[in-house]
Amino acid sequence: MTSNPLLSGLNEQQFQAVTLPAQSALILAGAGSGKTRVLTTRLAWLISTGQVSPHGILAVTFTNKAAKEMLARLTAMLPMNARGLWIGTFHGLCNRMLRAHWKEAGLPQLFQILDSADQLSAIKRLLKALNIDDEKFPARELMYFINSAKEQGLRPHEVEAFDDFARKRVELYQAYEAQCQREGVVDFAELLLRCHELLQRNEPIRAHYQRRFRHILVDEFQDTNVLQYRWLKLLAGLGTDGQAAVMAVGDDDQSIYRFRGAEVGNMRDFEREFHVDNVIRLEQNYRSHGNILDAANAVIRHNSGRLGKNLWTEAGSGEPLRVYEAFNDIEEARWVVEEIKALIHDGTARDDIALLYRSNAQSRVLEHALFSAGIPYRVYGGLRFFERQEVKHALAYMRLIANPHDDTAFTRVVNFPTRGIGARSLEQLQDAAQAHSTSLYGALNFLTGKAAQSVGAFIKLVDQLRFACEGLKLPEMVEQVLELSGLRAHYLTEKEGQERVANLDEIINAAANFISEEGYAQVAAEDETAPPDPLSAFLSHASLEAGEHQADAGQAAVQLMTVHSAKGLEFDVVFMGGLEEGLFPHENSVLERDGLEEERRLMYVAITRARHRLYLSFAQSRMLHGQTRYNLRSRFFDEIPAELMKWLTPPASARGYGGFGSSSAVPAAPASSNPRSFGSGRKNPAVNDSGFRIGQQVAHAKFGAGVIVNAEGSGSDARVQVNFGAHGVKWLALAVAKLTPA
Ligand code: ATP
Ligand code: MG
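Bear in mind the structure is a predicted one, so any value in this text is a computation, not a measurement.

What counts and what doesn't
Residues numbered from 1 in each chain as written. Chains lettered and ligands numbered in written order. Predicted model: local features only at pLDDT ≥ 70, side-chain atom pairs only at ≥ 80, totals over all residues. Heavy atoms only, no water. Helix = DSSP H or I, 4+ residues; strand = E, 2+ residues; numbered from the N terminus. Buried < 20%, exposed > 50% of the residue type's maximum accessible area, 1.4 Å probe, protein only. Areas by Shrake-Rupley, 256 points an atom, 1.4 Å probe, with all protein chains shown as cover. Pairing = 2+ DSSP bridges. Axes fitted to C-alpha atoms, helices over the stretch in contact; angles between N-to-C directions. Contact = heavy atoms within 4.5 Å. UniProt positions renumbered as here; feature names shortened; annotations may be inferred. Disulfide = S-S within 2.5 Å. Salt bridge = Lys/Arg side-chain N within 4 Å of Asp/Glu carboxyl O. Near = heavy atom within 4 Å. Polar contact = N/O pair within 3.5 Å; in protein donor to acceptor, adjacent residues only side chain to side chain. Nonpolar A, V, L, I, M, F, W, Y, C, P; charged D, E, K, R; others polar. Core = buried A, V, L, I, M, F, W, Y, C linked by side-chain atoms within 4.5 Å. Parallel < 35°, antiparallel > 145°, perpendicular 65-115°, else oblique.

**Topic: the overall build of the chain**
Helix and strand counts for the chain stand at 25 helices and 23 strands. Classification of the 742 residues of the chain by burial places 57% in the buried group. If you sum the accessible surface of the chain, you get close to 31,300 Å²; carbon and sulfur atoms cover 50% of it.

Right, here's the structure in full:
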């Protein structure tokens, strides 16, 4: 067996896991211990040893990016036709199944997927149509309620309601379902629930898939929710004679979706229900240097109720974690950029560098700084390509071609570009649709007068588009849409529309890539049914796409993402910014013990993404949601042993941390241009005779508040360098500038 080259290089536990006989297994192991690698290798091993054909395998990954990586690794290990292989996210796999059995699932053939922004606007539209007081039933809360009901597998009639408020909410859930059904759209949670119901109710389809999938492999199992686990059990035929072999891998310390209903208890249930005899543990970490791993272990040790794991590494301890205290968020971003420049200069590839943050809103300042410095970057998650306004407009037209009764798409573009359809006409149209239980498209017949005329023109355009696109290839179709809808012309005349036009053109590329790519081949290769039509396949791809295909793919770029979307990934260098109380741990979490523990797991995920170098930073103040906030540094700093950290800024406000200057073995931060990296060679650590010191907060009549970051000279020649945040970093002669201690 060992002669199989696939297996060389695995450690003993990994080898054991990869070569397990066809039985269900649970691998419980910490970050970077090779869980994903084991899963991929097992796939290759099962196929190459002829135990199963690609057709008999279903693998669930956490993101589309992970699925693609797995497929790429697999085909590198083992040249093969991956067509019959089902690898994807829960949502992607359910979509695939529903496309194949739309009729049995009670869906229109060309059903469209609502992403969360679409879903919110659909709910807002519903509340408006029903004249619901949105103070009492805020759309966002209703959306949350509906989604969590669905994630628990509950339809409206199954939700318990004991008072008027709860009953009304359930009624709205029901109305929302009716609206979606009428419009032929499904939201993310519905994909899963609908697919689960399909398997549950349709015995032949269930039997078909149970026979087909002999091996089911699930990565990041700790983050599955109740419904996903039930779906897996159905598909695996739990308890039936021909039960599939399910291999689940996970790490309870990385469970970070409990707020979305993920159940770490699924791991225990899995062990019991699938009769797992021995849980395999992997304890050697292959990813990170010792100091990084020690920091991660130290942080997570503060959580209670862990399943308990030990991680060790053969790699040396490496350098200490680099800690930076910034004056404000802008200065933090500037410092990050300076460090990145130095790293790139020293040979680090851009895509080996990741900037992580707790909340999406934090990316803007970083993006701005990177952009100004001309450093290519890519944002994962957040405002991804397919979520940009102009792109969504174009997609809405395409959705109307696929299905004119899609009211969400209809509402989005009925008056965009403006074509004189006023709010009054739209209201009339909505009322008519409501009264006659029809879509907006179908309600035209009930309109009269001016409204009938203006809306009629739009509906004519929709029909014309459909007609013009008939028989066209997908990219040509996009071109037609951009022209006939007037979108391109519209953005061409807009003052800052160039980028938007470029994005519109990028959809043509995306469409061309899509049909030539594995993605579509995977969907189209569904053997039981005729291939789905490329338009609706592309549209669901756009809804599910997690931003991996942003513009200029292929160019090496610094990677920006939330900690949540960094799960499973690894980078040579990681910057974890905004480590402030209220931000990370997030303010919503600190009051509940569970909440705080989830934040800590998130911090564990963040730390363990780094291979060689980890930067941790925080800012004394930052603009967030239009307000300046003054935060304390995160409690997580107190949980990391001081000797693992090297402070790049003076310990002025970092009292109690002996980090500054204490790790003399470590070279100074590489950025010579960085005003606040205090190397050992720094001559003048303080301005003694003037009474000012480095790290001190000062005020200046013109530039406002700042902090002294450097100093030189003495007496009448004394100068200090002050960071004034938005006003920049300036050298001031103390004899001239009127600086006062703040
Ligand atoms: P996470 O919990 O973050 O998802 P993981 O347990 O899935 O981590 P992997 O991503 O599979 O870990 O592996 C981490 C790194 O270690 C990868 O770069 C992988 O290639 C490498 N690795 C895993 N096992 C070995 C091994 N036996 N020899 C060398 N490198 C290994
Ligand atoms: Mg992994």
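**Observations concerning the pairing of strand β19 (residues 697–700)**
On β19, burial follows the alternation: Val698 and His700 on one face are buried, whereas Gln697 and Ala699 on the facing-out side are not. With four bridges connecting them, β19 and strand β20 (residues 704–712) associate as antiparallel partners. Counterpart to glutamine 697 in the pairing with β20 is valine 707. When β19 meets strand β23 (residues 739–741), the two strands line up antiparallel, connected through three bridges. Paired with valine 698 across the strands is proline 741, a residue of β23.

**Observations regarding the sheet that holds strand β3 (residues 86–88)**
Taken in spatial order, the six strands of this open sheet run β3-β2-β6-β7-β1-β8, and their pairing is parallel. At either end of the open sheet lies a strand with only one pairing partner, and these are β3 and β8 (280–282). Here the average twist between neighbouring strands, direction ignored, is 10°. This element, helix α2 (residues 35–48), spans β1 (25–29), β2 (57–60), β3, β6 (215–218), β7 (245–250) and β8 of the sheet and lies at about 165° to β6. On top of the sheet, helix α10 (residues 226–236) reaches β2, β6 and β7; it is set at about 165° to β6, its chief contact.

**Things to note about the environment of aspartate 329**
Tracing the backbone shows aspartate 329 in helix α13 (residues 329–345). Sequence-wise, aspartate 329 and glutamine 559 are 230 residues apart; in three dimensions their C-alpha atoms are separated by 19 Å.

**Some thoughts on the UniProt feature "binding site: ATP" (unreviewed entry) in the chain**
Look at the UniProt record and you will see "binding site: ATP" (unreviewed entry) annotated at Ala29, Gly30, Ala31, Gly32, Ser33, Gly34, Lys35 and Thr36. Mapped onto the fold, glycine 34 is located in the loop between β1 and α2. With residues near it in sequence (within four places) discarded, glycine 34 still touches Gln14 and Leu282. Mapped onto the fold, threonine 36 is located in helix α2.

**So, the state of the cysteines**
Within the structure shown, the criterion is met by zero disulfides. Cysteine cysteine 180 is unpaired, with the sulfur of cysteine 94 as its nearest cysteine sulfur at 17 Å. For cysteine 180, a relative accessible area of 8% gives the class buried.

**Comments concerning the UniProt feature "domain: UvrD-like helicase ATP-binding" (unreviewed entry) in the chain**
Following the UniProt record, the feature "domain: UvrD-like helicase ATP-binding" (unreviewed entry) maps to residues 8–289 here. Helix and strand shares over residues 8–289 are 49% and 11% respectively, and the end C-alpha atoms of the span are 23 Å apart.

**A look at the pattern of salt bridges**
Enumeration according to the criterion identifies 38 salt bridges in this entry. Linking glutamate 580 and arginine 622 is a salt bridge whose minimum nitrogen-to-oxygen distance equals 2.5 Å. Placement of the pair is glutamate 580 in the loop between β13 (571–576) and α24 (593–607) and arginine 622 in strand β14 (residues 610–624), with a sequence separation of 42 residues. Taken as a pair, glutamate 580 and arginine 622 share a single burial class, namely buried. Residue arginine 601 pairs with glutamate 598 through a salt bridge whose shortest N-O separation is 3.1 Å. In this pair, arginine 601 and glutamate 598 are both assigned in helix α24, three residues apart and thus about one turn of the helix distant. For the pair arginine 601 and glutamate 598, a shared accessibility class is recorded, and that class is buried. Each of the salt bridges in this network shares a partner with another, and the network as a whole consists of Lys150, Arg155, Glu177, Asp187, Glu190, Arg194, Glu197 and Arg201.

**Description of the site of ligand 1**
Taken together, 19 residues lie around ligand 1, and Lys35, Thr36, Gln254, Glu570 and Arg609 are the ones closest in. Separating an oxygen atom of ligand 1 from a backbone N or O atom of glycine 34 is a distance of 3.0 Å. A distance of 2.4 Å is found between an oxygen atom of ligand 1 and a side-chain nitrogen or oxygen belonging to glutamate 570. Here ligand 1 loses 86% of its free accessible area of 640 Å² to cover by the protein chains. Of all the elements, α2 adds the most residues to the shell around ligand 1, at three residues. The class makeup of the residues in the shell around ligand 1 is three nonpolar, ten polar and six charged.

**So, the sheet that holds β23**
One open sheet accounts for five strands, arranged β22-β21-β20-β19-β23; its pairing is antiparallel. The strands lining the two open edges of the sheet, one partner per strand, are β22 (729–733) and β23. Each strand of the sheet is rotated relative to its neighbour by a mean of 45°, with strand direction disregarded. Of the pairings in the sheet, the one linking β20 to strand β21 (residues 719–723) comprises five bridges and is antiparallel in character.

**Quick look at the nonpolar core**
In terms of nonpolar packing, the biggest core is built from 65 residues, with Leu58, Met97, Tyr209, Ile216, Trp231, Leu235 and Phe270 touching the most fellow members. By residue number, the principal contributor to this core is α10, which donates seven residues.

**Observations concerning the environment of glutamine 559**
Inspection of the secondary structure puts glutamine 559 in strand β12 (residues 558–562). Residue glutamine 559 is classed as buried on the basis of its relative accessible area, which comes to 6%. Placed 15 residues apart in sequence, glutamine 559 and valine 574 show a C-alpha to C-alpha distance of 9.6 Å. Those residues in contact with glutamine 559 that lie beyond four places of it in its chain are Asp351, Ile353, Ala354, Leu355, Arg378, Tyr380 and Phe571. Side-chain polar atoms of glutamine 559 contact the backbone oxygen of alanine 557, separated by 3.4 Å.

**What to know about the packing of helix α12 (residues 290–300) against α24**
Describing two packed helices takes the angle between their axes plus the distance from one axis to the other. Between α12 and α24, whose axes approach to 9 Å, the crossing angle comes to 175°. By the angle class used here, α12 and α24 are roughly antiparallel. Residue-level inspection shows Ile292, Ala295, Ala296, Asn297, Val299 and Ile300 of α12 in contact with α24, the latter providing Arg600, Arg601, Met603, Tyr604 and Ile607. Grouping the amino acids of the contact of α12 with α24 by side-chain chemistry returns eight nonpolar, one polar and two charged.

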